[in-house]
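Tertiary structure, described
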Amino acid sequence: MHDFKYIGNRFYCESLNVESVARKVGTPFYLYSHKTLLDHFRKIQRAFKDIDPLICFSMKANSSLALVRALVNAGAGLDIVSGGELFKALKVGCPGNRIVYASVGKTEEEILEAIKKGILFFNVESLPELDLINEASHRLNKVTQVAIRINPDVEPGTHQYITTGKLTNKFGMDFLTARKIFEQRSRFGNLNINGIHMHIGSQIIDGAPFLDAIRRVIRFIDNLRFLGIRLEYLNIGGGLGIIYKDEKPQTADQFAQAVLPLLKKTGLKIILEPGRFIVGNAGILVTKVLYIKKSVEKTFVIVDAGMNDLIRPSLYQAYHEILPLNKYSSRPIKAVDVVGPICESGDFFAKNRKMCLPNEGDLLAIMSAGAYGFSMSSNYNSRKRTCEILAKGSKFAVIRKRQSYQDLVEGETIPNFIK
Ligand code: LLP
């Protein structure tokens, strides 16, 4: 599943002792395993090899340049959602024809830039957006490929904040609206509307909602074919769940076995947009215990990382396993709250977690933090963003340095009328 493990009582990433990294770079820090990252990408590649899909890594999960470059070098394309992600995608050398662009709120400036850079296609989420892309393409004298994002109205059984394929969500279009667009496609002179996109949610454990959504979408594609409308691409999005605790998500192979027969029949070029599956278990957040605080009701393990570094527990009540970098069998097991230093009661990594009671100064690994960890981090409480480290074998490199206090005020000015 990943390459973080104990050798004896010490915690390793591949063959690198994690504590030795902490001694060199300080805490907190994100640490990624190069091997785990690529293994997960290749798992999907192998599972789907019969149809040779374009696997567009979803940059929102983690857009750190070194990781994205490693995936692009391995043959990945990229799923982007902003001008910033386009900038980074091009910076790591991803060819434009391997980039797909989703988002319900693309600005005109972002659209123009993406057309100029020759991305593969836009995943379009509304009629006004379609009009704008058409008009922008006309201005640039280009014909732009677009896929219509379908909202298939299925329940993926995940957290409500990351459910995207219900009609109450802001994403995509219902089948009827999409069908009208295809019927009137000659109205969009500078568009080649030749794809369908769907993405029903994230951290989906069960295969059934995927199958349900794909079946609905394929029925729609068949209907279009009946009307003489031919497509080139089917983008089935991301969303594959990973193990955080004791989930039993479908494997890449099981997912492929279930959907391949359906996908093959379409004869379309298939795109996938996995994020979490590739990078989720390839990263950890290492943090130091600052204080053990005993209150009347609870024992708090106060650590030097906070919700600004990893917001998933605060935002989604997400579970992340927490492991000591040194195993001590002699310590008592206790139910504790592992909390950060931020001035909010929502600043926690675990509540009532039974774990070996650490001592002040001990180092802990917050597991499965590779996806939506650093990429959702902030400077809240004027905290410097952590550094990021990439391990390969027994070596490591700092792929992003820790911010300085100066970084915290970069770009700010105090106007004269305040002086
Ligand atoms: N494609 C589209 C259009 C998406 O919106 C997303 C994720 C993906 C692909 C990648 O999904 P994945 O394979 O990573 O599940 N911050 C949340 C997750 C938000 C997901 C947003 N969209 C979390 O930490 O759980």
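What counts, and at which threshold
Numbering of residues starts from 1 in each chain and follows the order in which that chain's sequence is written. Reporting in this predicted model follows two pLDDT cut-offs: at least 70 for local features of residues, and 80 or more for side-chain atom pairs to be given and counted; totals over whole chains, interfaces and linings ignore these cut-offs and use all residues. Water and hydrogen atoms were dropped before computing side-chain values, which therefore reflect all heavy atoms in the structure. Strands are runs of DSSP state E lasting at least 2 residues, helices are runs of H or I lasting at least 4, and numbering of each runs from the N terminus. Only C-alpha atoms enter the radius of gyration; for comparison, a globular chain is expected to reach 2.2 Å times N to the power 0.38, where N is the number of residues. Residue exposure (1.4 Å probe, protein chains only): buried if accessible area is under 20% of the type maximum, exposed if over 50%, otherwise partly exposed. Here, residues are in contact when the closest pair of their heavy atoms is within 4.5 Å. Surface accessibility follows the Shrake-Rupley procedure with a 1.4 Å probe radius. Residue values consider only the protein chains on display as shielding. By the counting rule applied here, Lys and Arg register as positive and Asp and Glu as negative, while His and the ends of each chain are not counted. Lysine's charge is taken at NZ, arginine's at CZ, aspartate's at CG and glutamate's at CD. Residues are said to line a cavity or pocket when one of their atoms sits within 4 Å of a point; the points come from a 1 Å grid over protein atoms alone, cavities being sets where a 1.4 Å probe fits but cannot get out and pockets being open sets with protein on both sides within 12 Å along at least five of seven lines. Grid points are joined across faces, edges and corners, and a volume is the space filled by probe spheres set on the points. Throughout this entry, Asp, Glu, Lys and Arg are counted as charged residues, while Ala, Val, Leu, Ile, Met, Phe, Trp, Tyr, Cys and Pro are counted as nonpolar. The remaining residues, Gly among them, count as polar. Criterion used throughout: strands pair if DSSP finds at least two bridges between them. Residue ranges for the domains originate in an automatic or database domain assignment. The term nonpolar core refers to a set of buried residues drawn from Ala, Val, Leu, Ile, Met, Phe, Trp, Tyr and Cys, joined through side-chain atoms within 4.5 Å. Here a Phe, Tyr or Trp ring, Trp counted by its six-membered ring, pairs with any other such ring whose centre lies within 6.5 Å, and the pair is stacked when the planes are under 30 degrees apart, edge-to-face when over 60, and tilted otherwise. Charge-over-ring placement is defined geometrically: NZ (Lys) or CZ (Arg) within 6 Å of the ring centre, and within 35 degrees of the ring normal. To define axes, lines are fitted to C-alpha atoms, for helices over the stretch in contact only, and angles between the resulting N-to-C directions are given on a 0 to 180 degree scale. An angle below 35 degrees is read as roughly parallel, one above 145 as roughly antiparallel, one from 65 to 115 as roughly perpendicular, and any other as oblique. For any pair of crossing helices, the crossing counts as left-handed if the nearer helix is rotated counterclockwise from the farther one by less than a right angle, and right-handed if it is rotated clockwise. With the strands pointing away from the viewer, any crossover whose connection runs clockwise from the first strand over the helix to the second is right-handed. Here, a salt bridge means any Lys or Arg side-chain nitrogen found within 4 Å of an Asp or Glu carboxyl oxygen.

**Side note on the overall build of the chain**
Along its length, the chain carries 12 helices and 20 strands. Expected size for 419 residues packed as a compact globule is a radius of gyration near 22 Å; at 23 Å, the chain falls within 12% of this value. If you line up the chain on its principal axes, its C-alpha atoms span 70 × 60 × 40 Å. Evaluated residue by residue, the chain yields a buried proportion of 55% over its 419 residues. Considering only residue pairs separated by 6 or more positions, the chain has 70% of its internal contacts joining residues 24 or more positions apart. Split by element, the accessible area of the chain, about 18800 Å² in all, is 51% carbon and sulfur. In the chain, which carries 57 positive and 41 negative side-chain charges, the distance between the mean positions of the two groups comes to 4 Å.

**Some words on the side chain of Asn-17**
Turning to its location among the elements, Asn-17 is positioned in strand S3 (residues 16–17). Apart from residues no more than four positions distant in its own chain, Asn-17 is found in contact with Arg-10, Phe-11 and Tyr-12.

**Description of empty space enclosed by the protein**
According to the stated counting rule, one finds one cavity of 30 Å³ or more in the structure shown. Of the volumes computed, that of the largest cavity is approximately 50 Å³. Around the largest cavity sit Phe-210, Ile-236, Gly-237, Gly-238, Gly-239, Leu-240, Phe-255, Leu-272 and Pro-274, which together line it. Looking at the lining of the largest cavity residue by residue, the classes come out as six nonpolar, three polar and no charged.

**What about the sheet that holds S3?**
Taken in spatial order, the three strands of this open sheet run S1-S2-S3, and their pairing is antiparallel. Of all strands in the sheet, those with a lone pairing partner are strand S1 (4–7) and S3, marking the two edges. Pairing analysis gives two bridges linking strand S2 (residues 10–13) to S3, with the strands arranged antiparallel. The residue of S3 that forms the bridge with Cys-13 is Leu-16.

**Quick word on the layout of surface pockets**
Taken as a whole, the largest pocket encloses approximately 810 Å³ of empty space. Those elements that provide at least two residues to the lining of the largest pocket are helix H4 (83–91) and helix H10 (276–279). Classifying every residue of the lining of the largest pocket gives 13 nonpolar, 15 polar and 11 charged. Counting contributing residues per domain, the lining of the largest pocket is built from domain 1 (4–31 + 280–404) and domain 2 (34–278), each supplying no fewer than three.

**Some points on the nonpolar core**
Residues Phe-48 and Phe-122 are the most contacted members of the largest nonpolar core, which totals 103 residues. For this core, the two domains that each supply at least three residues are domain 1 (4–31 + 280–404) and domain 2 (34–278). Once residues within four sequence positions are removed from consideration, Phe-122 is found in contact with Tyr-101, Lys-106, Ile-111, Ala-114, Ile-115, Ile-133, Thr-144, Gln-145, Val-146 and Ala-147.

**Observations regarding the packing of aromatic side chains**
Applying the stated rule across the entire model yields 11 aromatic pairs. Aromatic side chains Tyr-30 and Tyr-32 sit 6.2 Å apart centroid to centroid with 10 degrees between the ring planes, which places their arrangement in the stacked category. Taken individually, Tyr-30 and Tyr-32 each receive the classification buried, so the pair is uniform in this respect. Every member of this aromatic cluster is reached through a ring pair, and the members are Phe-4, Tyr-6 and Phe-11. The ring of Tyr-405 carries Lys-384 above its face, with NZ or CZ at 4.5 Å from the centroid.

**Let's talk about the packing of helix H2 (residues 34–47) against helix H9 (residues 252–266)**
Look at H2 against H9: their axes get within 9 Å of each other, and the N-to-C directions meet at 25 degrees. For the element pair H2 / H9, the angle class is roughly parallel. The crossing of H2 and H9 is right-handed. Residues Lys-43, Ile-44 and Ala-47 of H2 form the contact with H9, whose participating residues are Ala-252, Asp-253, Ala-256 and Leu-260.

**Brief notes about the pairing of strand S6 (residues 77–80)**
On S6, burial covers both faces: Gly-77 and Asp-79 on one face and Leu-78 and Ile-80 on the other are all buried. Strand direction decides the pairing type here: strand S5 (residues 54–58) and S6, joined by three bridges, are parallel. Note that in S6 the partner of Ser-58 across the bridge is Asp-79. Traced from S5 through helix H3 (residues 65–73) to S6, the parallel crossover comes out right-handed. Here S6 pairs with strand S7 (residues 99–101) via three bridges, running parallel. Pairing of Asp-79 across the sheet is with Val-100, part of S7.

**Observations concerning the pattern of salt bridges**
Scanning the model with the defined rule gives 20 salt bridges in all. The partner of Glu-129 in a salt bridge is Lys-106, and the shortest N-O contact between them spans 2.5 Å. Placement of the pair is Glu-129 in helix H6 (residues 127–139) and Lys-106 in the loop between S7 and helix H5 (108–116), with a sequence separation of 23 residues. Take Glu-129 and Lys-106: they sit in the same class, and that class is buried. One network of salt bridges, in which partners are shared, links Asp-3, Lys-35 and Asp-39.

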